[in-house]
Amino acid sequence: MKEKRKTRIGRVINNRMDKTVVVAVDTPKRFPKYRKAISWEIKYKAHDEKNECRIGDVVRIEETRPLSRHKRWRIAEVITRGEVIEIQPKEITT
């Protein structure tokens, strides 16, 4: 019997750790009292074996066995590459 694993789609917001990225997933929820739709951002630490993800990438993560204290997800695929603009200190004027 094939089991179905949970998947989420989010964007990479941090890749400074070795073989680990932080993925932010926006989940729409309804506020109970006012019944207004708001967006919750949930952050997941995901395993990136080849260190191929960069900040701004849109990725699909998949649930897996516990890999460390906080890592319970792994990168299934990189959907789109993000464009991050690097700003040099001399370009900023006050």
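Residues numbered from 1 in each chain as written. Predicted model: local features only at pLDDT ≥ 70, side-chain atom pairs only at ≥ 80, totals over all residues. Heavy atoms only, no water.

**Section: the overall build of the protein**
The secondary structure content of the protein amounts to zero helices and five strands. Listing each helix as α and each strand as β along the protein from the N terminus yields β-β-β-β-β. Taken against the 2.2 N^0.38 rule, which gives 12 Å for 94 residues, the C-alpha radius of gyration of the protein at 16 Å runs more than 25% over that of a compact globule. Every one of the 94 residues in the protein was classed for burial, and the buried ones make up 23%. Look at the contacts in the protein between residues 6 or more apart in sequence, and 50% of them connect residues 24 or more apart. On the protein, roughly 7,800 Å² of surface is accessible, and the fraction owed to carbon and sulfur atoms is 50%. Computed over 25 positive and 14 negative side-chain charges, the separation of the two mean positions in the protein equals 8 Å. (Helix = DSSP H or I, 4+ residues; strand = E, 2+ residues; numbered from the N terminus. Rg over C-alpha atoms; globule rule 2.2 N^0.38 Å. Buried < 20%, exposed > 50% of the residue type's maximum accessible area, 1.4 Å probe, protein only. Contact = heavy atoms within 4.5 Å. Areas by Shrake-Rupley, 256 points an atom, 1.4 Å probe, with all protein chains shown as cover. Lys, Arg positive; Asp, Glu negative; His and termini not counted. Charge placed at Lys NZ, Arg CZ, Asp CG, Glu CD.)

**Regarding unusual backbone geometry**
At Lys-19, a residue that is not glycine, the phi angle is positive and equals roughly 60 degrees. If you trace the backbone, Lys-19 turns up in the loop between strand E1 (7–14) and strand E2 (20–30). Note on Lys-19: relative accessible area 30%, which makes it partly exposed. Positioned with a positive phi, Arg-35 is a non-glycine residue whose angle comes to about 60 degrees. Following the sequence through the fold, Arg-35 ends up in the loop between E2 and strand E3 (37–47).

**Comments concerning the side chain of Asp-48**
Within the secondary structure layout, Asp-48 lies in the loop between E3 and strand E4 (58–63). Buried within the structure, Asp-48 lacks any salt-bridge partner; Arg-81 is the closest side chain of opposite charge, at an N-O distance of 7.5 Å. Residue contacts for Asp-48: discarding those within four places in its chain leaves Lys-19, Thr-20, Val-21, Cys-53 and Ile-75. (Salt bridge = Lys/Arg side-chain N within 4 Å of Asp/Glu carboxyl O.)

**Some points on the packing of aromatic side chains**
All chains considered together, the criterion is met by two aromatic pairs. Their ring planes at 10 degrees and their centres at 5.7 Å tell us that Phe-31 and Tyr-34 sit as a pair that is stacked. (Phe/Tyr/Trp six-rings, centres within 6.5 Å; stacked < 30°, edge-to-face > 60°.)

**A short note on the environment of Val-12**
Within the secondary structure, Val-12 is located in strand E1. Residue class for Val-12 comes out buried when judged on its relative accessible area of 1%. Val-12 sits 11 residues away from Val-23 along the chain, and the two C-alpha atoms are 4.5 Å apart. Setting aside its immediate chain neighbours within four residues, Val-12 contacts Val-21, Val-22, Val-23, Cys-53, Arg-54, Ile-55, Gly-56, Asp-57 and Val-59.

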